[in-house]
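# Inside the fold
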Amino acid sequence: SAVISQKPSRDICQRGTSLTIQCQVDSQVTMMFWYRQQPGQSLTLIATANQGSEATYESGFVIDKFPISRPNLTFSTLTVSNMSPEDSSIYLCSVIAGDYEQYFGPGTRLTVT
Amino acid sequence: QKEVEQDPGPLSVPEGAIVSLNCTYSNSAFQYFMWYRQYSRKGPELLMYTYSSGNKEDGRFTAQVDKSSKYISLFIRDSQPSDSATYLCASAGSNDYKLSFGAGTTVTVRA
């Protein structure tokens, strides 16, 4: 398995500002993902962040809005830019550990006012 | 149409009952099947994972995958109040591991 931590655990932000979310893993992993869980909804994949390559974004998500960094095999950041109330969600990172098992961090609960 | 369909419930059962959760999927390329448990205000916790068709058992939990009918199941035996949570099914292909999630089923086990 993998132990994943995220910072911050929660934040309340003003419209138009940006927030950077950090994801730290206790072991080196190649594949890391960022998901969003809107209130009362299931998880939606934002992007795949593999070390050494540019992040690849899913339909409906763009780099200007959700820039991602992956500087090494244990760390990644997701920035939510120019926030609006519609960005209020839980943001989660996940990693592949073992053969194909995917583990999630505790999430960052974002509220945009 | 979503790639993974799951009845959101809610589902309420008495303590000790068997909880039966089901999902269907549409993408024939899916090879990996996961069940997650999510408590309120927590991240999803990986419960069970299977590759391709078959059954897998872990304590009180049994996961089943029938690729011929594109049907995924999770059974919880001797359910406990601590099993009260939202259960999410998820599937992925073998080339990218990108999970497609069901809507999640909220389960309440009554003491």
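Residues numbered from 1 in each chain as written. Chains lettered and ligands numbered in written order. Predicted model: local features only at pLDDT ≥ 70, side-chain atom pairs only at ≥ 80, totals over all residues. Heavy atoms only, no water.

### Here's the deal with the overall build of chain B
So the rule is basically this: Think of it this way: any DSSP run of H or I at least four residues long counts as a helix, any run of E at least two long counts as a strand, and we number them from the N terminus. Our radius of gyration is a C-alpha quantity, and the globule rule it is checked against amounts to 2.2 Å times the number of residues to the power 0.38. Relative accessibility thresholds used throughout: buried, under 20% of the residue-type maximum; exposed, over 50%; partly exposed, between the two (1.4 Å probe, protein chains only). In what follows, residue pairs with any heavy atoms lying within 4.5 Å of each other are defined as contacts. Methods summary: accessible areas were calculated by the Shrake-Rupley approach with a probe of 1.4 Å, and residue burial reflects only the protein chains presented. In this charge count, Lys and Arg are treated as positive and Asp and Glu as negative; neither His nor the chain ends contribute. For this purpose, a charge sits on NZ of Lys, CZ of Arg, CG of Asp or CD of Glu.
Within chain B, the regular secondary structure consists of 0 helices and 11 strands. Element order for chain B, N to C, with α for helix and β for strand: β-β-β-β-β-β-β-β-β-β-β. Rg of the C-alpha trace for chain B: 13 Å, near the compact-globule value of 13 Å for 111 residues, within the 12% margin. Taken along its principal axes, the extent of the C-alpha atoms in chain B is 45 × 25 × 20 Å. When each of the 111 residues of chain B is scored for burial, the buried share is 44%. Across chain B, every contact between residues at least 6 apart in sequence was considered, and the portion connecting residues at least 24 apart equals 54%. As displayed, chain B has an accessible area near 5200 Å², and 46% of this comes from carbon and sulfur atoms. Positive and negative side-chain charges in chain B, numbering 11 and 11 respectively, have mean positions lying 4 Å apart.

### A closer look at the sheet that holds strand 8 (residues 75–80) of chain A
Residues and elements named next belong to chain A. The condition is simple: Pairing between two strands requires that DSSP report at least two bridges joining them. Angles here are taken between N-to-C directions and fall from 0 to 180 degrees, while the axes themselves are lines fitted to C-alpha atoms, restricted in helices to the stretch in contact.
Strand order in the open sheet made by the 4 strands is 1-3-8-7, with antiparallel pairing throughout. Sheet topology places strand 1 (4–7) and strand 7 (68–72) at the edges, where each strand pairs with a single neighbour. Ignoring which end each strand starts from, the neighbouring axes of this sheet average 15° apart. Two strands pair when backbone bridges link them, and strand 3 (residues 19–25) and strand 8 are joined in this way by 6 bridges, in the antiparallel orientation. Considered in strand 8, the bridge of Gln22 is made with Thr77.

### Some details on the interface of chain B and chain A
Filter applied, for reference: Throughout, the accessible surface (probe 1.4 Å) given up by two parts as they are put together, summed over both, is called the buried area. Counted as salt bridges are all cases of a side-chain nitrogen of Lys or Arg within 4 Å of a carboxyl oxygen of Asp or Glu. In protein, a polar contact requires one atom able to donate a hydrogen and another able to accept it; more generally it is a pair of N or O atoms within 3.5 Å, and residues adjacent in sequence count only if both atoms are side-chain atoms. Nonpolar residues are Ala, Val, Leu, Ile, Met, Phe, Trp, Tyr, Cys and Pro. Charged residues are Asp, Glu, Lys and Arg, and all others, Gly as well, are polar.
Contact residues are listed per partner, giving 20 residues for chain B and 21 residues for chain A. Taking both sides of the interface into account, the surface hidden between chain B and chain A amounts to around 1700 Å²; carbon and sulfur atoms contribute 59%. By the criterion of area lost to chain A, the three top residues of chain B are Arg41(B), Tyr97(B) and Lys98(B), representing 30% of everything that side buries. In this assembly, chain B and chain A are joined by 1 salt bridge. For Glu58(A), the salt bridge is made with Lys98(B), and the minimal N-O distance between the two is 3.0 Å. Joining chain B to chain A, the criterion identifies 9 residue pairs in polar contact (both at pLDDT 80 or more). At the level of secondary structure, the elements contributing two or more residues to the side of chain B that touches chain A comprise strand 4 (30–38) and strand 5 (45–51) of chain B. Partitioned by chemical class, the residues of the side of chain B that touches chain A number 12 nonpolar, 4 polar and 4 charged.

### Points about the environment of Tyr103(A)
Looking at where Tyr103(A) falls in the secondary structure, it is placed in strand 10 (residues 101–104). Counting along the chain gives 10 residues from Tyr103(A) to Cys93(A), while the straight-line C-alpha distance between them is 8.5 Å. Apart from residues lying up to four places away in sequence, Tyr103(A) is in contact with Ser1(A), Ala2(A), Ile4(A), Cys93(A), Ser94(A), Val95(A), Ala97(A) and Leu46(B).

### Digging into the pairing of strand 4 (residues 31–37) of chain A
Residues and elements named next belong to chain A. The buried count for strand 4 comes to 7 of 7 residues, which makes it a mostly enclosed element. Of the two faces of strand 4, the one carrying Met31, Phe33, Tyr35 and Gln37 and the one carrying Met32, Trp34 and Arg36 are both buried. Sheet topology note: the strand 4/strand 5 (residues 43–50) ladder contains 7 bridges and is antiparallel. Following the sheet pairing, Tyr35 is matched in strand 5 by Leu45. Where strand 4 folds back onto strand 5 in an antiparallel hairpin, the turn is made up of 5 residues, including Gly40, whose phi is positive at roughly 70°. Pairing between strand 4 and strand 9 (residues 89–97): 6 bridges, direction antiparallel. Bridged to Phe33 within strand 9 is Ser94.

### Some words on the nonpolar core
Note on soluble globular proteins: their nonpolar side chains tend to be buried together. Here is the rule: Here the nonpolar core consists of buried residues drawn from Ala, Val, Leu, Ile, Met, Phe, Trp, Tyr and Cys, with membership extended through side-chain atoms lying within 4.5 Å.
Core analysis: the biggest nonpolar cluster contains 47 residues, and Tyr36(B), Leu99(B) and Phe101(B) have the highest contact counts within it. The leading source of residues in this core is strand 9 of chain A, at 7 residues. Among all residues touching Leu99(B), those that are not within four sequence positions of it are Tyr35(A), Gln102(A), Phe104(A), Met34(B), Tyr36(B), Ala90(B), Ser91(B) and Ala92(B). Counting 22 residues, the second largest nonpolar core, distinct from the first, contains Leu21(B), Phe61(B), Leu74(B) and Val109(B).

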